[in-house]
Amino acid sequence: MPLALVALAVTAFAIGTTEFAAMGLLPQVADDLDVSIPQAGWLISAYALGVVIGAPLLTALAAGRPRKAVLVALAGFFAAGNLLCALAPDFWTLAAARLVTGLPHGAFFGAGAVAAAELVAPDRRARAVAVMFSGLTLANVVGVPAATLLGQHLGWRATMLVVVAIGAAGALAIARLVPVLPTPAQSGLRHELGAFRSGQLWLALATVVFGCGGFFACYSYITPLLTEVSGFATGSVTLVLALFGVGMTIGNLLGGYAADRALRPTVCVAFLLLAAVLALFAVTARAQWSAAATVVLVGLFGFAIVPAVQTLVMREARGAPTLASATVQGAFNLANAQGAYFGGLALDAGLGWTSPPLVGSGLAASGAVIAVAAWAAARRGTRAPGPAGAGVPSAVAGAVVSAGPAPVPGPGAAPENRTGEGDATTR
């Protein structure tokens, strides 16, 4: 794999650290700025709001510009946002800075995923995307615990300054190691928006919103589940969550490898396995050893989905993958909100701490159903004889063919085969 992928992963590591470390630093922030912990929790919501706003907005503003320059600018934007957080004099300034810091998140991962896919051969694109996202998963294994420990000893501002340094290092690494990538012959906001005429693209995004909501339904309430049901001490939960991060890292890399071999089957199977292991968690959570083992599996199957659906969305976007790729990050945030909401409803109904994984199992199963239906529609469209859309029922034509004329494949590109494998993006 090219060193350029490492440069992208470094920035992804910084982004993952600043996103998730805030959860562990809430007590320090609340004490320093004289607010309650629930009010400090608004900082997490502010960042998520920034992701949802920034993903389409910044991607639209960057449409048609050189991808390398865009990546450097977004990484620098992220570092500057964290510097604002470190210098914030009061809570509301910090909340505004957190929103600003979240703005480049989705746009960076969207443009970064497309760039990662362009740096390698067509049959290694999902693995390249997985390498970039490994920075995000490693943040949960190393970055978040280290940031929390640093914040407890030197204060939360010190943690923010370290993230600034990592983000700046990522920007410099991208500038140094990522080659100049060719600008697509067709570019611009109108061209990027044209990708959303594809019904298959919307189905791919729907699998993220509904199916990945299952992962977040469990993850949102995993700490009280481990303490109240599994019997872990509060201090031990950090170690168990590190195992969760290990599972995420392994699953991310395995998912990228499997997606390069069989893209759509990987998406379908990963959702089915996630649904199964979440249902199992409601039982295995009652013993510490089995709970810890299941946590690894939840992280593994939950993140095996990520490079697969990211690659699927880029492929279904045809020749305009950047905005669609960034939109995936917004879809993940919607999945986060939805999973936490439905898991909370189960708890409010008095169903107990094991109910969120069961809710998550149902959501993951719905993602599998959507993925299977999309795969079946794509296969029917592929088998249809004659010119584009000929002999295809109107519903399928709207889902498969409406993205417009077929793009001209780049060098070495492979057409989609019957299993849904093939080119991740179009150059």
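Here, the structure is the one placed above.
Conventions and cut-offs
Within each chain, residues carry numbers counting from 1 in the order of the written sequence. In keeping with the model being predicted, local features are shown solely for residues with a pLDDT of at least 70 and side-chain atom pairs are shown and tallied solely at 80 or more, while totals for entire chains, interfaces and linings include all residues. As a rule here, side-chain values come from all non-hydrogen atoms in the structure, and water together with hydrogens is ignored. Here a strand is any run of E in DSSP of at least two residues, a helix any run of H or I of at least four, and the numbering for each starts at the N terminus. A 1.4 Å probe rolled over the protein chains alone gives each residue an accessible area, and that area as a share of the maximum for its type sets the label: buried under 20%, exposed over 50%, partly exposed in between. Here a residue-residue contact requires only that any non-hydrogen atoms of the pair lie within 4.5 Å. Where accessible areas are quoted, they stem from the Shrake-Rupley method and a 1.4 Å probe; at the residue level, only the protein chains shown are allowed to cover. Patch definition: residues above 30% relative accessible area lacking any salt bridge, with like charges linked at up to 9 Å and the nonpolar side chains Val, Leu, Ile, Met, Phe, Trp and Tyr linked at up to 5 Å. We define a salt bridge as a contact between a side-chain nitrogen of Lys or Arg and a carboxyl oxygen of Asp or Glu at a distance within 4 Å. Nonpolar core, defined: a set of buried Ala, Val, Leu, Ile, Met, Phe, Trp, Tyr and Cys residues in which side-chain atoms within 4.5 Å join the residues together. Ring pairs shown here join Phe, Tyr and Trp side chains whose ring centres sit within 6.5 Å, with only the six-membered ring taken for Trp; geometry is labelled stacked below 30 degrees between planes, edge-to-face above 60, and tilted in between. The convention used is that axes are lines fitted to C-alpha atoms, helices contributing only their stretch in contact, and that angles between N-to-C directions extend from 0 to 180 degrees. Angle categories are assigned with fixed cut-offs, so that under 35 degrees is roughly parallel, over 145 is roughly antiparallel, 65 to 115 is roughly perpendicular, and the rest are oblique. Amino acid classes used here: Ala, Val, Leu, Ile, Met, Phe, Trp, Tyr, Cys and Pro are nonpolar; Asp, Glu, Lys and Arg are charged; the rest, including Gly, are polar. Expected span of a helix, by definition, is 1.5 Å for each gap between consecutive residues, and there is one gap fewer than residues. Helix crossings are classified by the rotation of the near helix relative to the far one: an anticlockwise turn of less than a right angle makes the crossing left-handed, while a clockwise turn makes it right-handed.

A.B. asks: What should I look at first to understand the overall build of the chain in this one?
C.D. replies: Regarding its fold elements, the chain presents 17 helices and zero strands. A total of 427 residues make up the chain; the buried ones form 56% of that total. Across the chain, every contact between residues at least 6 apart in sequence was considered, and the portion connecting residues at least 24 apart equals 84%. On the chain, roughly 16700 Å² of surface is accessible, and the fraction owed to carbon and sulfur atoms is 70%.

A.B. asks: Help me understand a nonpolar patch on the surface in this model?
C.D. replies: Side chains of Leu 49, Ile 53, Leu 57 and Leu 61 sit close together on the surface and give an oily, nonpolar patch of about 350 Å² of accessible area. Turning to its location among the elements, Leu 61 is positioned in helix H3 (residues 42–62). On the basis of relative accessibility, which here comes to 53%, the residue Leu 61 falls in the exposed class.

A.B. asks: Would you mind going over the nonpolar core with me for this structure?
C.D. replies: Among soluble globular proteins, nonpolar side chains are generally buried collectively. Within the largest apolar cluster, 96 residues are counted, with the highest numbers of intra-cluster contacts made by Leu 8, Ile 174, Leu 226, Leu 274, Phe 281, Val 298 and Phe 332. The leading source of residues in this core is helix H14 (residues 288–316), at 14 residues. Core analysis: the next-biggest nonpolar cluster, separate from the first, contains 17 residues, Leu 25, Cys 85, Ala 88 and Met 160 among them.

A.B. asks: Before we go on, may I ask you to explain the packing of aromatic side chains in this structure?
C.D. replies: For any two aromatic rings, the description comes down to two numbers: the centre-to-centre distance and the angle of the planes. Scanning the entire structure with this criterion turns up nine aromatic pairs. With 5.6 Å between their ring centres and 50 degrees between their planes, Phe 215 and Phe 244 make a pair best called tilted. Here the residue Phe 215 occupies a position in helix H10 (residues 213–219), and Phe 244 occupies one in helix H12 (residues 234–261), the gap between them amounting to 29 residues. The pair Phe 215 / Phe 244 is uniform in exposure class, with both members buried. Aromatic pair Phe 215 and Phe 303: ring centres 6.0 Å apart, planes at 65 degrees, arrangement edge-to-face. Of this pair, Phe 215 sits in helix H10 while Phe 303 sits in helix H14, and the two are 88 residues apart along the sequence. An identical accessibility class is assigned to Phe 215 and Phe 303; each is buried.

A.B. asks: In this structure, what is going on with the packing of helix H6 (residues 125–154) against H12? I would like to understand it.
C.D. replies: For any two helices packed against each other, the geometry comes down to the angle between their axes and how far apart the axes lie. In the contact formed by H6 and H12, the axes pass within 8 Å of each other and the chain directions differ by 175 degrees. By the angle between their directions, the pair H6 and H12 is classed as roughly antiparallel. Listed contacts from H12 to Arg 125, Ala 126, Arg 127, Ala 130, Phe 133, Ser 134, Thr 137, Leu 138, Asn 140 and Val 141 of H6 are Ala 242, Gly 245, Val 246, Met 248, Thr 249, Asn 252, Leu 253, Gly 256, Tyr 257, Ala 259 and Asp 260. For the contact of H6 with H12, the class distribution of residues is eleven nonpolar, seven polar and three charged.

A.B. asks: Got a minute to help me understand H6 in this structure?
C.D. replies: Every α-helix winds through 3.6 residues per turn, so residues three or four apart in the chain are directed the same way. Spanning 30 residues, H6 covers 41 Å between terminal C-alpha atoms, matching the ideal 44 Å at 1.5 Å per step. Among the residues trailing H6, Gly 155 stands out with phi positive, at a value near 100 degrees.

A.B. asks: Even after reading the chapter, I still don't get the environment of Ala 335, so can you show me in this structure?
C.D. replies: Here Ala 335 lies in helix H15 (residues 321–348). Ala 335 gets classed as buried once you look at its relative accessible area, which sits at 0%. For Ala 335 and Gly 211, which are 124 residues apart along the polypeptide, the C-alpha to C-alpha distance reads 7.7 Å. Apart from residues no more than four positions distant in its own chain, Ala 335 is found in contact with Val 208, Val 209, Cys 212, Gly 213 and Phe 216.

A.B. asks: Please explain H15 as it appears in this structure.
C.D. replies: When the terminal C-alpha atoms of H15 are compared, their 40 Å separation across 28 residues agrees well with the 40 Å that a helix rising 1.5 Å per residue should span. Just downstream of H15 lies Gly 350, where phi reads positive at about 80 degrees.

A.B. asks: Teacher, can you tell me more about unusual backbone geometry here?
C.D. replies: The phi angle of most residues is negative, glycine excepted, and most peptide bonds adopt the trans form. Phi is positive for Asp 34, which is not a glycine, with a value near 60 degrees. The exposure class of Asp 34 is exposed, given its relative accessible area of 71%.

A.B. asks: Teacher, can you tell me more about the packing of helix H4 (residues 67–87) against helix H7 (residues 156–177) here?
C.D. replies: Viewed as axis vectors pointing N to C, H4 and H7 meet at an angle of 165 degrees, and their least axial separation amounts to 8 Å. Taken together, the axis directions place H4 and H7 in an arrangement best described as roughly antiparallel. In this structure, H4 crosses over H7, and the sense of that crossing is left-handed. Of the residues in H7, those touching H4 at Lys 68, Leu 71, Val 72, Ala 75, Gly 76, Phe 78, Ala 79, Asn 82, Leu 83, Cys 85, Ala 86 and Leu 87 are Trp 156, Arg 157, Met 160, Leu 161, Val 163, Val 164, Gly 167, Ala 168, Ala 171, Ile 174 and Ala 175. In the contact of H4 with H7, the residues fall into 18 nonpolar, three polar and two charged.

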